[in-house]
Amino acid sequence: ADMAARPAEPRLVSLPLSRIRVIMKSSPEVSSINQDALFLTAKATELFVQYLASYSYKHGRGKEKNALTYTDLSHTAEECETFQFLADILPKKILASKYLKMLEKEKQDGEVGDNNEEDEEEEAEDKA
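How each quantity is defined
- Residues numbered from 1 in each chain as written.
- Predicted model: local features only at pLDDT ≥ 70, side-chain atom pairs only at ≥ 80, totals over all residues.
- Heavy atoms only, no water.
- UniProt positions renumbered as here; feature names shortened; annotations may be inferred.
- pLDDT = per-residue confidence, 0-100.
- Contact = heavy atoms within 4.5 Å.
- Buried < 20%, exposed > 50% of the residue type's maximum accessible area, 1.4 Å probe, protein only.
- Helix = DSSP H or I, 4+ residues; strand = E, 2+ residues; numbered from the N terminus.
- Salt bridge = Lys/Arg side-chain N within 4 Å of Asp/Glu carboxyl O.
- Core = buried A, V, L, I, M, F, W, Y, C linked by side-chain atoms within 4.5 Å.

Named according to an unreviewed UniProt entry, the protein is Chromatin accessibility complex protein 1 originating from Formicarius rufipectus. Under Function (unreviewed entry), UniProt gives the following word-for-word description of the protein: "Forms a complex with DNA polymerase epsilon subunit POLE3 and binds naked DNA, which is then incorporated into chromatin, aided by the nucleosome remodeling activity of ISWI/SNF2H and ACF1. Does not enhance nucleosome sliding activity of the ACF-5 ISWI chromatin remodeling complex." In its Subcellular location (unreviewed entry) section, the UniProt entry covering the protein states "Nucleus".

Engineer: Describe the confidence of the model for the protein, listing the residues and the values that go with them.
Structural biologist: In the predicted model, the protein carries a mean pLDDT of 81, and the fraction of residues at 70 or more is 78%. Overall, residues 113–128 carries pLDDT values under 50, and its contacts beyond four positions in sequence, including any with other chains, amount to 13 contacts.

Engineer: Tell me what's going on with helix α5 (residues 70–79), and back it up with residues and numbers.
Structural biologist: Taken together, the buried positions of α5 are occupied by Asp-72, Leu-73, Ser-74, Thr-76 and Ala-77. Its buried side turned inward, α5 meets α3 (35–59) and α4 (62–65).

Engineer: Account for the pattern of salt bridges, naming residues and giving values.
Structural biologist: If you walk through the whole model with that rule in mind, you get 2 salt bridges. Two residues, Glu-46 and Lys-43, come together in a salt bridge whose shortest N-O distance is 3.4 Å. Of this pair, Glu-46 and Lys-43 both sit in helix α3, 3 residues apart, which is roughly one turn of the helix. Between Asp-109 and Lys-105 there is a salt bridge whose closest N-O contact spans 3.7 Å. With Asp-109 and Lys-105 both in helix α6 (residues 96–112) and 4 residues apart, this pair spans about one turn of that helix. Accessibility expressed as a relative area gives 14% for Asp-109, which makes it buried.

Engineer: Mind laying out the nonpolar core, listing which residues take part and the relevant values?
Structural biologist: Counting residues in hydrophobic clusters, the biggest one holds 7 residues: Leu-52, Leu-73, Ala-77, Cys-80, Phe-83, Leu-86 and Leu-90. Sequence-distant contacts of Leu-52, defined by excluding residues within four places in its chain, comprise Leu-73, Thr-76, Phe-83 and Leu-86. By size, the runner-up hydrophobic cluster in this structure holds 6 residues, among which are Ile-20, Met-24, Leu-38 and Ala-42.

Shown next as structure tokens:
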């Protein structure tokens, strides 16, 4: 009863440790997780997300709307060397119709013979 009366201490980590533990345990190399390692991984993840968000906001177009947008994040992943490893996770948005056309073109090119796919991808990015 005494605990309920005290104001809650601010949490040191915002992310749920149980979820971080599940993600860490999903790696086949991990057999057990030390509590300190769990906390540090959670804190590092939190700081990374904060850095990604603030960098994307400062360098994106969302400032105009006073909002952080997906486009800001994907632009950061594409343009900033530090975040390029996220490019697969945060791809540039394209219209479904454009994606279907790209798939159709790849299918046709695959039947005719392997054309240089990198050039096609660069063209598609330039038009986006």
